[in-house]
Each structure stands twice: as C-alpha cells, then as structure tokens.
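Listed below, chain by chain, are the residues.
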Amino acid sequence: MAKRDLATLRHSTAHILAQAVKELFPKVKLGIGPSIPDGFYYDFEKKEPFTPEDLKRIEKRMAEIIEKDLPFKKRMLEREEAQRLLKRDKERFKLELLKGLKGKRISFYATGDFNDLCKGPHIKSTKEVEAFKLTSMAGAYWRGKETNPMLQRIYGTAFFTKEELDEYLRNIEEAKKRDHRKLGKSLDLFSIHDEAGAGLVIYHPKGAILRKIIEDFIEEEHEKRGYQSVITPHMYRIDLWKRSGHYDFYRQLMYFFEIENQEYAIKPMNCPGHVLVYKSKIRSYRDLPIRYFELGTVYRHERSGVMHGLMRARGFTQDDGHIFCTPEQLKEEIEKAVFFALDILKTFGFGYKLILSTRPEDYIGSKKNWEQATEALKEALKESGLDYEIAPGEGAFYGPKIDIQIADALGRLWQCSTIQVDFNFPEKFNLSYTGRDGKRYRCIMIHRALLGSMERFLGVLIEHYGGAFPVWISPVQVKILPIAERHMEYALEVKGRLERENLRVELDSRNEKIGYKIREAQLEKIPYMLVLGDKEAKSGSVALRLRSEEDLGQVKVDEFVSKVSREIKRKKN
RNA sequence: GCCGAUGUAGCUCAGUGGUAGAGCAACUGCAUGGUAAGCAGUAGGUCGCCAGUUCAAUCCUGGCCAUCGGCUCCA
C-alpha cells in the first residue's frame, strides 16, 4: 500500500464491510464501495433494509475479519473468467461494471473467501485497519440515477489511529452544535411551521434585523458599483412565462393558479421583470452596460425531502441582478461580477470554490451561443487568475454559469454566488440596443446573485460564526446587566446613551442574580455584556465582559462607545 | 420524488393497551444578589393529522403531513 494513504485504507475498509455483509446476508448483491472525503460507503441490494441492529452486527463481524489478519490478494482474471464468476454469483451490478471496463484482464481482490471486482490498490492485510466505525445508512440510486433501482448504502469511516477517529467524531458533534436550524431556534432567529408550509421561513425580530443589516449592506455595495435598484411583482400571467421559456423548462418547480379565467404563476426567478424594464424603451449603446438590482423574493416548488432549514427553502429572496451589455463588454462585466462576489465573501471571512458549469442535457438556444458564452466565462476566469473547476452539464437551462460555493459547518458545500451568461433571453424578448451606426444590435444578458439567496446565505453565515456574529451584524450588540434593582436608574441612563449612538441594546431588568443574567446573555452569544453595580454608577463606567468570557474590567462609557463604533465601522470579523 | 428513522408541555427528553411525567423556560412570592443556573409555589398537553382494530388507542394497523440522515434535484 502507498504509505499511509487514507483513501486506500478506507476503500479497503469498504471491502471488509462488504465481506461482513456477505457473510451475514449471503443473498445481498453488491454495488460499489468507494472511499469518499469523510470515509467510505458500500451499496448493497437487499429487499429488507438494514436495521440499526444489523449495523451493529455488521460492525462486530468487521472487527472479527480485521482480527483474522487476512491478506488482500490481487488476482488477474481473463474477462470471460471474470464474467463467469460474477454470473455464477448473480452479481448483476458488478456485471454491469465489468461491461464498462476496458482491457482483457480484470483485477479482483480477495480477503479470505470474499472476492471483489476492484482495481485496487489496497492495504496489505485487514489487520491494518485500526480505527473504523459505521456511521449511517441511507438509500441511494444505483449509479446515482433516479430511474435506477435504489440500493441500501452503508456509510462508515476509518482512520490510522483511534485518536484520529475520536477527533473526527468529536468534530461531527461540534459541527452539529453549529447547525443553523438548532441555532436559529435557540437564538430566536426564525421558524418554519408545518401549518404554514414546508420550506417557508418566518423570521423573528432578531432574524429580521440580521437579514435587514445584510440586505442594506449588499444594496449599498450594488449602488456603489453602478447598479440601479428596481422593484418587480411576485407573479405574472403565464403568457410571460411562456415567452421566457420557464413554462416549458421550469414548470414543475412553479406555482400556478387561476383567477377570473386568467392563469398566473408566482415567480421562480426575477429575470422577466428586469427584462421588461429594459424593454420599456429603446436603448442606445451609450446606455450600456445597464445593471439592475433587486432583492427579489421567489418561490420554487422544491420536491419534498430536499428542504433543509434556511439552506434549501421553497420561498427565498435573491440578491438578484441583471446586466445588459454589448458583446464587447461581456468579459469585463463577468470579471467585475466575480470580483464583486469575492469582495463580499471576504467581508465575512469565507473560503470559497469557483466552479464553471457547462451546457446541461435540457437547454434552450443554439449550441453555438452556448459555446460562445462558455468561452467568455472561461476567458474571464483565466484573466482574473483564479482557480476553478469545471462541472460538465451543470449549467442552467438558459446558459452556462460560474458558481461560487462556500462550506457549512459539516463541510457540505453550498452554492451561493452564481454568475450566468444568457444569450437566449435577449432573443426571446428581442432585446436590443442602437449602435453607433444607428443599426439595432442584440444585447447580452448576465444573471447574477452574489449572496445567492438571503436564506441560504444566512444559514451558512449562522454556521460559519456558530451564532456568535461579528458586532456589526449582531441582532443585539450590547446587553446591560444591572446587579440589583437600585442600579436600574443608571442602567436606563447607559441604555439611552448607547441607543443614541445607534447601538442595538437590551436591558435585562429582571429580578435575577448577576450570574444568572450573564449565563443567559452568554447563551444568546451577545458580543458585549455590561455589568452595572455601585462602582460603575459612581464612576460613570461599565464593567465590560465579552462573550469569549474575557472580563475587561471597568471602562468609561465613552471609551466603550468609541471601541464598539470602530469595530462596527470596520465590519470586524 | 425515492430509501430509512423520528414526531409526547415553549425547549430538551422519559413513559404506558385503561385519556400522561421530568428538567429548564413562563407566572407568583421570598431572597437585593459582583461575572455561566438562589429558594418555594402555580399554571401549562386533541401525546403530528385522519381512518381502522379493540369494551378501551398516545401506545397496535393503514393512509397522510412534517422533520432528521442520505440519494436525486437546486440559490
């Protein structure tokens, strides 16, 4: 084995899992069992799903196999021989895999009596697996296709040492504490109700403040960069959706209804509205590029089972912008948009990953336009010198796109920013501008959202900060904690002073002990706690405690105000 | 949508074929307390929804809804 290769170790552990399953459930058929970033899985075809008890038994059997110190033996078989073997065992999925393999000789790996089609490499012996654990169980389509049969997937992980495994499991627990759904509840930010509908987010006052601050921020940044705000309706007659192509390509995700014999649909995207603004008069090349911006709320009928708190909702608000430009301006506009997005993400201290998505199977427009658009995106990425990956076939139905993904607490990646070129909309709506020569030219349209949606972005943000938001976006920035009732008067005075400085302040006026008040403020993850007692009242100061548990002692009120104001202004992370 | 699990008080969770409990929170009172939970009392539940089995269902069966872990799809 390549020395200490985690992927090899994990893949080998997947073999041991399959071996254990085969020993305990001989009728089970095998799918595939690769290593993945966090561990490994193996897919099985089995009528009755595995139970949690089964997992325990399997885990135990795996430990026994490991104890046996079985060597991984590689065998090269002639294709015909391999086929005969797999046919004999009725391994229909493996047979399908075999068909896809090139070459005459096929490699198998055996541990004891268990034999698996596999290109390797593997560890030397089962005994090398020191630390493993089966983590979960789920259904998964064969080869990831929805139309294929569903197999039972068992997930697990393996490490070289017990300590590493324990640390991994601890990290998972830590990440769970940061789950935005949990924090959203405990910090009183938002809620989602069965009664109101799945995937529909209701913001509580603190969540609304958080969102509003970020909305104001993003709106300002757009204005600084030459975007004009527009406001468009939440629904249109289906005539518009037919013209835009959404009726044909996006219908299954849209909500329709009929009033007085007219059919309407709620908007799943903001583009048609912006296009109508553009079309409202004749545009000249001198006007371009035109950039429209809107915090546009859209509704998409996401299939049940895909919702995920704020990260995946049915109603969400995009920081949506549409740029109308000439072909000559395209590249520069894309570059500007990419750097704009990265600038915003930097403000929040995010890491990110750029992805170029190309033409999907279902698409509108000509192949030539698609190629041209994809090229423009590539060029822009190249010139900006940024690393990116390519996701073939992942583009939107109307054009290729550059996506930016950021990671949540559990390392799951979420697409937030997206920048999409569109040659098709301009054709469908006959969008044009008058050139220098007086002739009409077709303009190009760019769709782009930087935060993506307020919902998803807030979800990622909550997990990113673990609920301990930087002061500038904290729903409550300061909490005043008077020690006894006789300090209320001074507490109110300080509160008034801070409010005049536009700080978001709460006063805990309850008749409780200071330790109790601190505990609550701490759980609410409020950045600054001001403890007020006799000493503070006398000297016109506050005893400053941070949520990091640091006690900064007595500070003059003025000093505190200027310290906090500075941090807010700098948007300190 | 698919596979599996789950759904009991505001929150976190026990529990049983004979219509339910704990801790925290809430409310009331006592205590006026200096950096993560003071004490006592009170109130709070169509046991997700709808059917069925049963003398009797929160518990058993079926359907639906929602949530969680995945798959698929996506901002």
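Residues numbered from 1 in each chain as written. Chains lettered and ligands numbered in written order. Predicted model: local features only at pLDDT ≥ 70, side-chain atom pairs only at ≥ 80, totals over all residues. Heavy atoms only, no water.

K.L.:
Teacher, can you tell me more about the overall build of chain A here?
P.N.:
If you tally the helices and strands in chain A, you get 18 helices and 28 strands. Structurally, chain A occupies a C-alpha span of about 85 × 75 × 50 Å along its principal axes. In chain A, once contacts between residues fewer than 6 apart in sequence are set aside, the share between residues at least 24 apart is 70%. A total of about 28700 Å² of accessible surface is found on chain A, and carbon and sulfur atoms cover 49% of it. (Helix = DSSP H or I, 4+ residues; strand = E, 2+ residues; numbered from the N terminus. Contact = heavy atoms within 4.5 Å. Areas by Shrake-Rupley, 256 points an atom, 1.4 Å probe, with all protein chains shown as cover.)

K.L.:
What is the right way to look at unusual backbone geometry in this model?
P.N.:
Negative phi values dominate among residues other than glycine, just as trans dominates among peptide bonds. Along the chain, Gly120 connects to Pro121 via a cis peptide bond; the corresponding omega equals 0°. Topologically, Pro121 is positioned in the loop between strand 6 (114-117) and strand 7 (131-141). At the junction of Leu288 and Pro289, the peptide bond is cis and its omega measures out at 0° in the coordinates. With respect to the element layout, Pro289 can be found in the loop between helix 10 (271-279) and strand 15 (290-299).

K.L.:
In this structure, what is going on with the protein's contact with RNA strand B? I would like to understand it.
P.N.:
In the region of RNA strand B, 58 residues are neighbours, and Tyr141, Ser304, Arg312, Ala313 and Glu485 sit closest. Restricting the count to atoms of RNA strand B within 4 Å of the protein gives a sugar and phosphate share of 50%. A distance of 3.4 Å is found between a sugar or linking oxygen of RNA strand B and a side-chain nitrogen or oxygen belonging to Gln152. Within the contact set of RNA strand B, a base nitrogen lies 2.7 Å away from a backbone nitrogen or oxygen of Ile483. Of all elements in the fold, only strand 7, strand 8 (150-159), helix 6 (180-186), strand 16 (315-325), strand 20 (413-422), helix 16 (514-523), helix 17 (534-539) and strand 27 (541-546) reach the threshold of two or more residues within the surface near RNA strand B. Broken down by element, the residue count for the surface near RNA strand B peaks at seven residues, all from helix 16. Taken together, the residues that form the surface near RNA strand B break down as 22 nonpolar, 13 polar and 23 charged. (Near = heavy atom within 4 Å. Polar contact = N/O pair within 3.5 Å; in protein donor to acceptor, adjacent residues only side chain to side chain. Nonpolar A, V, L, I, M, F, W, Y, C, P; charged D, E, K, R; others polar.)

K.L.:
Would you mind showing me how to read the pattern of salt bridges here?
P.N.:
A side chain with one charge may pair with a side chain of the opposite charge, provided their charged atoms come close. The final tally for this structure, using the stated rule, is 44 salt bridges. Across the pair Arg303 and Glu146 runs a salt bridge whose closest N-O atoms are separated by 2.1 Å. Of this pair, Arg303 sits in the loop between strand 15 and strand 16 while Glu146 is found in the loop between strand 7 and strand 8, placing the two residues 157 residues apart along the sequence. Assessed through its relative accessible area of 52%, Arg303 is described here as exposed. A relative accessible area of 45% means that Glu146 is categorised as partly exposed. We note a salt bridge from Glu333 to Lys336, for which the minimum N-O separation is 3.9 Å. Of this pair, Glu333 and Lys336 both sit in helix 11 (residues 330-347), three residues apart, which is roughly one turn of the helix. We classify Lys336 as partly exposed; its relative accessible area is 41%. What you see here is one network of salt bridges that share partners, running through Lys206, Lys479, Glu506 and Glu524. (Salt bridge = Lys/Arg side-chain N within 4 Å of Asp/Glu carboxyl O. Buried < 20%, exposed > 50% of the residue type's maximum accessible area, 1.4 Å probe, protein only.)

K.L.:
In this structure, what is going on with the environment of Pro233? I would like to understand it.
P.N.:
Among the secondary structure elements, Pro233 is positioned in the loop between strand 11 (228-229) and strand 12 (235-237). For Pro233, a relative accessible area of 42% gives the class partly exposed. For the pair Pro233 and Val298, spaced 65 residues apart in sequence, the C-alpha to C-alpha distance is 10.0 Å.

K.L.:
Would you mind going over the environment of Met235 with me for this structure?
P.N.:
For Met235, the location among the structural elements is in strand 12. Sequence separation between Met235 and Lys267 is 32 residues, and the spatial gap between their C-alpha atoms is 5.2 Å. With near-sequence residues (within four places) excluded, Met235 lies in contact with Phe257, Tyr264, Ala265, Ile266 and Lys267.

K.L.:
Would you mind showing me how to read the layout of surface pockets here?
P.N.:
Any empty space left between the atoms is revealed when a probe the size of a water molecule rolls over them. Taken as a whole, the largest pocket holds about 1700 Å³ of empty space. If you trace the largest pocket, you find 47 residues lining it, with Tyr250, Leu253, Arg300, Arg312 and Lys401 closest to the centre. Mapped onto the lining of the largest pocket, the elements with two or more residues apiece are strand 16, strand 17 (353-357), strand 19 (401-407), strand 20, strand 23 (444-453) and helix 14 (454-465). Class assignment for the residues of the lining of the largest pocket results in 18 nonpolar, 15 polar and 14 charged. (1 Å grid on protein atoms, 1.4 Å probe; cavity = no way out; pocket = protein on both sides within 12 Å on 5 of 7 lines; lining within 4 Å. Points joined across faces, edges and corners; volume = space filled by probe spheres on them.)

K.L.:
What am I meant to see in the domain arrangement of chain A here?
P.N.:
Many structure descriptions define interface size as the accessible area lost when the parts assemble. As far as domains go, chain A holds domain 1 (6-161), domain 2 (181-465) and domain 3 (471-570). Taking only C-alpha atoms into account, the centre of domain 1 sits 58 Å from that of domain 3. (Domains from an automatic or database assignment.)

K.L.:
When you look at the sheet that holds strand 5 (residues 105-111) in this model, what are you seeing that I'm missing?
P.N.:
Working definition: the strands of a sheet are paired by backbone hydrogen bonds and lie parallel or antiparallel to each other. Judged by pairing direction, the sheet is antiparallel, and its three strands sit side by side in the order 4-5-6 without closing on themselves. Each having just a single partner strand, strand 4 (73-78) and strand 6 make up the two edges of the open sheet. Across this sheet, the average inter-strand angle for adjacent strands is 35°, counted without regard to direction. Where strand 4 lies against strand 5, six bridges are found, and the strand directions are antiparallel. In the sheet register, Lys73 faces strand 5, and the bridge partner there is Ala110. Seen against the sheet, helix 1 (residues 6-24) touches strand 5 and strand 6 and runs at an angle of roughly 125° to strand 6. (Pairing = 2+ DSSP bridges. Axes fitted to C-alpha atoms, helices over the stretch in contact; angles between N-to-C directions.)

K.L.:
What exactly am I supposed to notice about the side chain of Ser284 here?
P.N.:
Within the secondary structure, Ser284 sits in the loop between helix 10 and strand 15. Side-chain polar atoms of Ser284 contact the backbone nitrogen of Arg286, separated by 2.8 Å. Beyond its immediate stretch of four places on either side in the chain, Ser284 contacts Tyr433 and Thr434.

K.L.:
Can you walk me through the packing of helix 1 against helix 2 (residues 52-67) in this structure?
P.N.:
Helices that pack against each other are described as a pair by the angle of their axes relative to one another and the distance between those axes. One can describe the packing of helix 1 onto helix 2 by two numbers: an axis separation of 9 Å at closest approach and a directional angle of 115°. Here helix 1 lies roughly perpendicular to helix 2, going by the angle between them. For the pair helix 1 and helix 2, the crossing hand works out as right-handed. Contacts between helix 1 and helix 2 involve Thr13, Ile16, Leu17, Gln19, Ala20, Val21, Glu23 and Leu24 on the former and, on the latter, Arg57, Ile58, Arg61, Met62, Ile65 and Ile66. Looking at the contact of helix 1 with helix 2 residue by residue, the classes come out as nine nonpolar, two polar and three charged. (Parallel < 35°, antiparallel > 145°, perpendicular 65-115°, else oblique. Left-handed = near helix turned anticlockwise from the far one by under 90°.)

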